[in-house]
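Architecture at a glance
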Amino acid sequence: MPLLPPSRLPADDRWSSPATVYLLDDLLRLAAAGGAEVDSAPDPAAARTRWLPALLVLVGADQAQPCLRARLPHRPSPRVTASPAVPTW
């Protein structure tokens, strides 16, 4: 997937939380600076096929519980990310 700013992502790749969109924008910018390719998924079902082959998995704090409920396969060290504006309780 090409690196696109959140405003240009396909509608099914946008997340509903504005704070999450800004977090995605920051992550895309960091990936671009490092020359990394980014693939995003709007929910755990869409991420399932890419979950294990990915070199690094970043899960938005708002998707951590849905990922657990989806019973995605075990993988070492997925990282949960959040913007300071997103409550992480």
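Quick note: structure is the one above.
Our subject in this report is the structure included herewith. (Residues numbered from 1 in each chain as written. Predicted model: local features only at pLDDT ≥ 70, side-chain atom pairs only at ≥ 80, totals over all residues. Heavy atoms only, no water.)

On to the overall build of the protein, then. Helix and strand counts for the protein stand at three helices and two strands. Along its sequence from the N terminus, the protein presents helices and strands in the succession α-α-β-α-β. Taking all 89 residues of the protein together, 29% fall into the buried category. Long-range contacts, defined here as pairs at least 24 residues apart, represent 38% of the contacts in the protein between residues at least 6 apart. (Helix = DSSP H or I, 4+ residues; strand = E, 2+ residues; numbered from the N terminus. Buried < 20%, exposed > 50% of the residue type's maximum accessible area, 1.4 Å probe, protein only. Contact = heavy atoms within 4.5 Å.)

Once that is clear, we can look at the nonpolar core. Of all hydrophobic cores here, the largest spans five residues; its members are Trp51, Val57, Val59, Cys67 and Leu72. Those residues in contact with Val59, other than ones at most four positions away along the chain, are Trp51, Ala64, Cys67, Arg79, Val80 and Thr81. (Core = buried A, V, L, I, M, F, W, Y, C linked by side-chain atoms within 4.5 Å.)

Before going further, it helps to examine unusual backbone geometry. If you check the backbone angles, Arg71 has positive phi at about 50° while not being a glycine. One non-glycine residue with positive phi stands out, namely Ser77, at about 55°.

Let's shift gears to the pattern of salt bridges. Taken as a whole and assessed by the stated rule, the structure comprises three salt bridges. Linking Asp25 and Arg29 is a salt bridge whose minimum nitrogen-to-oxygen distance equals 3.2 Å. Of this pair, Asp25 and Arg29 are both found in helix α1 (residues 18-34), four residues apart, which corresponds to roughly one turn of the helix. Arg29 sits in the partly exposed class, given a relative accessible area of 47%. Between Asp39 and Arg50 there is a salt bridge, with the nearest N and O atoms lying 2.7 Å from each other. In this pair, Asp39 is assigned in the loop between α1 and α2 (44-51) and Arg50 in helix α2, connecting sequence segments eleven residues apart. For Asp39, a relative accessible area of 46% translates into the label partly exposed. For Arg50, a relative accessible area of 30% gives the class partly exposed. Residues joined in a network through salt bridges with shared partners are Asp25, Asp26 and Arg29. (Salt bridge = Lys/Arg side-chain N within 4 Å of Asp/Glu carboxyl O.)

What follows is about the environment of Leu55. By the element assignment, Leu55 lies in the loop between α2 and β1 (58-60). Note: C-alpha distance between Leu55 and Pro78 (23 residues apart in sequence) is 9.8 Å.

On to the environment of Ala54, then. Examined against the element boundaries, Ala54 turns out to sit in the loop between α2 and β1. The exposure class assigned to Ala54 is partly exposed, which follows from its relative accessible area of 26%. Distance from Ala54 to Val38, taken between C-alpha atoms, is 9.9 Å for residues 16 residues apart in sequence.

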